[in-house]
Amino acid sequence: MAIIEGLNKFCGDTMRSLERKPEKYRLVGDALEWIFKRWLGKMPSGFPIAPQEIKKILVMRQDLLGDMIVYTPCFELLRKLLPHAQIDVWASDRNAVILGNNPRVNTVYSVSTKALDFIRQIMRARKQKYDTVLEASFNSRLFEGMVAHCIAPGAKIVQDYNGSATRVYRWLYNILIAVEQKTMPLYFYEVISRLFNHPIVPDDIKLRIYLDQPVRASAQTFLYSREIKKDFIVINLSGRQSHKVWGLPASADFLRLLRTSHPQTPVVCVASPDDYSRAETLVRALKDPQTHLYPKAEDYL
């Protein structure tokens, strides 16, 4: 396991233990609170923030492909609220591709877990002197918070949080925002709305992926060849984490239910190269003329 990946996992395991059993791990919480209080010394900062105060903001979303996809409405909102600002993204080498053509963001840091590259990217980002960092990863709050301080030591560092470890995070993040929404992407959308005191407009919350012209042309050719001219449903049959991937029977049952509930809407299945043969077997077994499999591609998009 890479050093950075190992540190991230250790931090995640530590905070999950502290959240689930706060009394048992009270001394760990006390130690972390003492360290962060003396190392960082950040007192809570008030919000909402006036959008015109923001000159450079860094969004941290260093996780998986789907996590970045559900966050795309937030980039639309940030650009709407901060038309003058530099909006950069600290992404992973697994999900940075989603933002490759996104006009709402300026710079995307595609960060691997290799230690030298990780440090190099921190030093590169540090030169920008961000005034605000928006940390948006669920499972890396402790690690990402420390990274945020390395990148932007004097910035407002924002996190959503309601759990039992707030006493630790209040020194790591100087703006903690309690969130009422439970579903994605409304959850993160609410964080930004509350940060800038902007109302939530549900009709504005739409997932958006901006494709380059060759990819768009390829997709349009495929849809035209299948006579798909209006709305359709896309199902991703792959997953990087094996425990999140359904087997063939479960996937087949889901697709049959989907076709029953939406009989007039075509379904387009996509799969990674590693899972493509399984996807072919699944779609072939369904024998449904309205369920299609997108051609095999080496690129995520």
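Look up a bit, the structure's there.
All values reported here derive from a predicted model rather than from experimental measurement. (Residues numbered from 1 in each chain as written. Predicted model: local features only at pLDDT ≥ 70, side-chain atom pairs only at ≥ 80, totals over all residues. Heavy atoms only, no water.)

Q: Can you walk me through the overall build of the chain in this structure?
A: The number of helices and strands found in the chain is 10 helices and nine strands. On C-alpha atoms alone, the chain measures out to a radius of gyration of 21 Å, which is about the 19 Å that the 2.2 N^0.38 rule sets for 301 residues. Along the three orthogonal principal directions, the C-alpha set of the chain runs to about 65 × 45 × 40 Å. Out of the 301 residues in the chain, the part that is buried amounts to 44%. Residue pairs at least 24 apart in sequence account for 68% of intrachain contacts in the chain once pairs closer than 6 positions are excluded. Across the chain, the mean location of the 42 positive side-chain charges is 3 Å away from that of the 31 negative side-chain charges. (Helix = DSSP H or I, 4+ residues; strand = E, 2+ residues; numbered from the N terminus. Rg over C-alpha atoms; globule rule 2.2 N^0.38 Å. Buried < 20%, exposed > 50% of the residue type's maximum accessible area, 1.4 Å probe, protein only. Contact = heavy atoms within 4.5 Å. Lys, Arg positive; Asp, Glu negative; His and termini not counted. Charge placed at Lys NZ, Arg CZ, Asp CG, Glu CD.)

Q: Just checking my understanding: could you explain the layout of surface pockets for this structure?
A: Picture a little ball the size of a water molecule; that probe, rolled over the atoms, points out where space is still empty. Looking at the second largest pocket, its volume works out to about 160 Å³. Lining the second largest pocket are C11, G12, M15, R16, E19, R20, F138, N139, S140, R141, L142 and Y169. Looking at the lining of the second largest pocket, the elements that each hand over two or more residues are α1 (3–20) and α5 (141–151). Among the residues forming the lining of the second largest pocket, the class breakdown is five nonpolar, three polar and four charged. (1 Å grid on protein atoms, 1.4 Å probe; cavity = no way out; pocket = protein on both sides within 12 Å on 5 of 7 lines; lining within 4 Å. Points joined across faces, edges and corners; volume = space filled by probe spheres on them. Nonpolar A, V, L, I, M, F, W, Y, C, P; charged D, E, K, R; others polar.)

Q: Would you take a moment to explain the packing of helix α4 (residues 115–126) against α5 for this structure?
A: For any two helices packed against each other, one specifies the crossing angle of their axes together with the interaxial distance. At a minimum axis separation of 8 Å, α4 and α5 run at an interaxial angle of 50 degrees. By the angle class used here, α4 and α5 are oblique. Along its contact with α4, which presents F118, I122, A125 and R126, the element α5 presents F143, V147, H149, C150 and I151. Taken together, the residues that form the contact of α4 with α5 break down as seven nonpolar, one polar and one charged. (Axes fitted to C-alpha atoms, helices over the stretch in contact; angles between N-to-C directions. Parallel < 35°, antiparallel > 145°, perpendicular 65-115°, else oblique.)

Q: Looking at this structure, how should I read the pattern of salt bridges?
A: Two side chains of opposite charge can pair, provided their charged atoms sit close to one another. Tallied over the entire structure, the rule returns 11 salt bridges. Of the charged contacts in the structure, one is a salt bridge between D204 and K80, with a shortest N-O distance of 3.7 Å. Here K80 lies in helix α3 (residues 65–81) and D204 lies in the loop between α7 (186–195) and α8 (213–225), a separation of 124 residues in the sequence. The exposed category is assigned to K80, whose relative accessible area is 51%. (Salt bridge = Lys/Arg side-chain N within 4 Å of Asp/Glu carboxyl O.)

Q: So what exactly am I meant to see when it comes to the nonpolar core here?
A: Nonpolar side chains tend toward joint burial in soluble globular proteins. Within the largest apolar cluster, 35 residues are counted, with the highest numbers of intra-cluster contacts made by Y71, F75, L78, L82, L134, I192 and F196. For this core, the secondary structure elements donating two or more residues are β1 (56–61), α3, β2 (86–92), β6 (175–177) and α7. Take this core: its biggest share by element is eight residues, from α3. Those residues in contact with Y71, other than ones at most four positions away along the chain, are V59, R61, L134, A136, F188 and I192. L32, F36, I151 and L172 belong to the second largest nonpolar core, which has 31 residues in total. (Core = buried A, V, L, I, M, F, W, Y, C linked by side-chain atoms within 4.5 Å.)

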